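Working through the structure, step by step
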Amino acid sequence: MSRRIPLSLVGEVDALLRAAKPQPRAQERLPPEAVRVPESGQVHLMPQCEAASALQALHEADVTARAVVLDPWYRAKSGQGRSAYLAEMVPLLELAARVGQHIFIWGFPEHVSRLVDHWPFRLQMRGWITWWFKNAASRSKGWRPSQQVCLHLSRRGAPIYPEHFYDPRHQEAAKGNRLEYKMTPFSVIEAPLLSGFIDRSQQTGYPAQKPRKVIEPLLRMTCKPGDIVVDPTCGSGTTGEVAAAMGCRAILSDRRGDALRVTRDRLAKAGSLANASPSSNGA
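We now turn to the structure provided with this report. (Residues numbered from 1 in each chain as written. Predicted model: local features only at pLDDT ≥ 70, side-chain atom pairs only at ≥ 80, totals over all residues. Heavy atoms only, no water.)

A count of helical and extended segments in the protein gives 7 helices and 10 strands. Looking at the 283 residues of the protein, the share that counts as buried comes to 46%. Restricting the contact set of the protein to residue pairs at least 6 apart, pairs at least 24 apart contribute 69%. Taken as a whole, the protein presents about 15,300 Å² of accessible surface, with 53% of it coming from carbon and sulfur. (Helix = DSSP H or I, 4+ residues; strand = E, 2+ residues; numbered from the N terminus. Buried < 20%, exposed > 50% of the residue type's maximum accessible area, 1.4 Å probe, protein only. Contact = heavy atoms within 4.5 Å. Areas by Shrake-Rupley, 256 points an atom, 1.4 Å probe, with all protein chains shown as cover.)

On to the packing of aromatic side chains. Centre distance and the angle of the planes are the two values used to describe a pair of aromatic rings. For the coordinates displayed, the defined rule picks out 4 aromatic pairs. An aromatic cluster is present here, built from Trp106, Trp131 and Phe133 joined pairwise through their rings. Its guanidinium or amino end placed over the ring of Trp106, Lys210 lies 4.9 Å from that ring's centre, counting from NZ or CZ. The cationic tip of Arg256 hangs over the ring face of Trp73; the distance from NZ or CZ to the ring centre is 4.6 Å. (Phe/Tyr/Trp six-rings, centres within 6.5 Å; stacked < 30°, edge-to-face > 60°. Lys NZ or Arg CZ within 6 Å of the ring centre and 35° of its normal.)

Here Gln209 shows up in the loop between β8 (188-190) and α5 (212-222). Residue Gln209 is classed as buried on the basis of its relative accessible area, which comes to 9%. Separated by 26 residues in sequence, Gln209 and Gly235 place their C-alpha atoms 7.3 Å apart. Polar contacts involving the side chain of Gln209 include one to the main-chain carbonyl oxygen of Gln202, which spans 2.9 Å. (Polar contact = N/O pair within 3.5 Å; in protein donor to acceptor, adjacent residues only side chain to side chain.)

What follows deals with the packing of α5 against helix α6 (residues 238-245). One can describe the packing of α5 onto α6 by two numbers: an axis separation of 9 Å at closest approach and a directional angle of 55 degrees. With respect to each other, α5 and α6 are oriented oblique. Crossing angle aside, the handedness with which α5 passes α6 is right-handed. Mapping the contact onto sequence places Arg212, Ile215, Glu216 and Leu219 in α5 and Thr238, Thr239, Glu241, Val242 and Ala243 in α6. For the contact of α5 with α6, the class distribution of residues is 4 nonpolar, 2 polar and 3 charged. (Axes fitted to C-alpha atoms, helices over the stretch in contact; angles between N-to-C directions. Parallel < 35°, antiparallel > 145°, perpendicular 65-115°, else oblique. Left-handed = near helix turned anticlockwise from the far one by under 90°. Nonpolar A, V, L, I, M, F, W, Y, C, P; charged D, E, K, R; others polar.)

Here we have 8 strands laid out as an open sheet, ordered β1-β10-β9-β2-β3-β5-β4-β8, and mixed in their pairing. Each of the sheet's edge strands pairs with one partner strand only, and the pair in question is β1 (43-45) and β8. Sheet twist, expressed as the mean angle between neighbouring strand axes with direction ignored, is 20 degrees. Here strand β9 (residues 228-231) runs beside strand β10 (residues 249-252); their pairing, made up of 4 bridges, is parallel. Note that in β10 the partner of Asp231 across the bridge is Leu252. Relative to the sheet, helix α7 (residues 257-270) contacts β1 and β10, its axis offset from that of β1 by approximately 150 degrees. (Pairing = 2+ DSSP bridges.)

Within the secondary structure layout, Trp131 lies in strand β4 (residues 123-132). If near-sequence neighbours (up to four positions away) are discounted, Trp131 is found in contact with Trp106, Ser146, Gln147, Gln148, Ile189, Ala191, Pro192, Leu193, Lys210, Pro211 and Val214. Polar contacts involving the side chain of Trp131 include one to the main-chain carbonyl oxygen of Ala191, which spans 2.8 Å.

Bringing the nonpolar core into the picture now. Grouped together as the largest cluster of nonpolar side chains are 35 residues, with contacts concentrated most on Val68, Leu70, Ile103 and Ile105. Looking at which element gives the most residues to this core, the answer is helix α3 (residues 79-99), with 9 residues. (Core = buried A, V, L, I, M, F, W, Y, C linked by side-chain atoms within 4.5 Å.)

All right, on to α3 then. For α3, spanning 21 residues, the distance from its first C-alpha to its last is 30 Å, which sits close to the expected 30 Å at 1.5 Å a residue. Those residues of α3 not exposed but buried are Gly81, Tyr85, Leu86, Glu88, Met89, Leu92, Leu93, Leu95, Ala96, Ala97 and Val99. Summarising the contacts, the buried residues of α3 are in contact with α2 (51-60), β2 (65-70), β3 (100-107), α4 (109-112), β4 and β5 (147-155). (Expected span 1.5 Å × (residues − 1).)

Structure below.
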């Protein structure tokens, strides 16, 4: 049953709604000590902050990453949600392009597709990657609820390592010092959602956690041991765990304190945490 607001109270109700509406957080400036480049196979956790603040701090510290992963909290698929995603991601892409040679942007297809005409001129498109999962609980008969996508952008001339990604069965030694590949790079990653009894050892309890199998191909295609990987929207820390296992150096942050708590516990258990990030606002 709908209820009407008396005209005499409309102004007061509007004021209350404006006061309760979440306000965008100002981009805070992090102290220089917030940025550290760890040893190979280790992960540095930056203090709790917005992704833009983390990327700006890394840029000011002259950190050059081989790969930057952007996986912000997913918004509604409505027109308003798509517009909000675009408004958030365009500035982040500009900052990420100053730090990373390869940029991976995750989201729903209808969100990510809006970035096609808005990425920085210094970046070029390398691929459109689909993560397909069969175990999605959905009443829909279509295939859309069973996928997320990742847009791969890179600086011109950024190195790429298909030999780290392809199965050896798909490689064929050619004459000279060159390898020819019979297959094009895979654009579909098939891996189930982490739910129920599927990969229980990976599950942290953090919502929307991606499995390692989804992040591994991206880093293997673009990184070598010792390279720097940055994820300012780290969530449960999957990017950091995969990067450390590859022998890379990872720098992570997140604006959510609960995300950093989960990430810290996960990486400490794996023995790859390089610091305790004392200024993490309780994270």
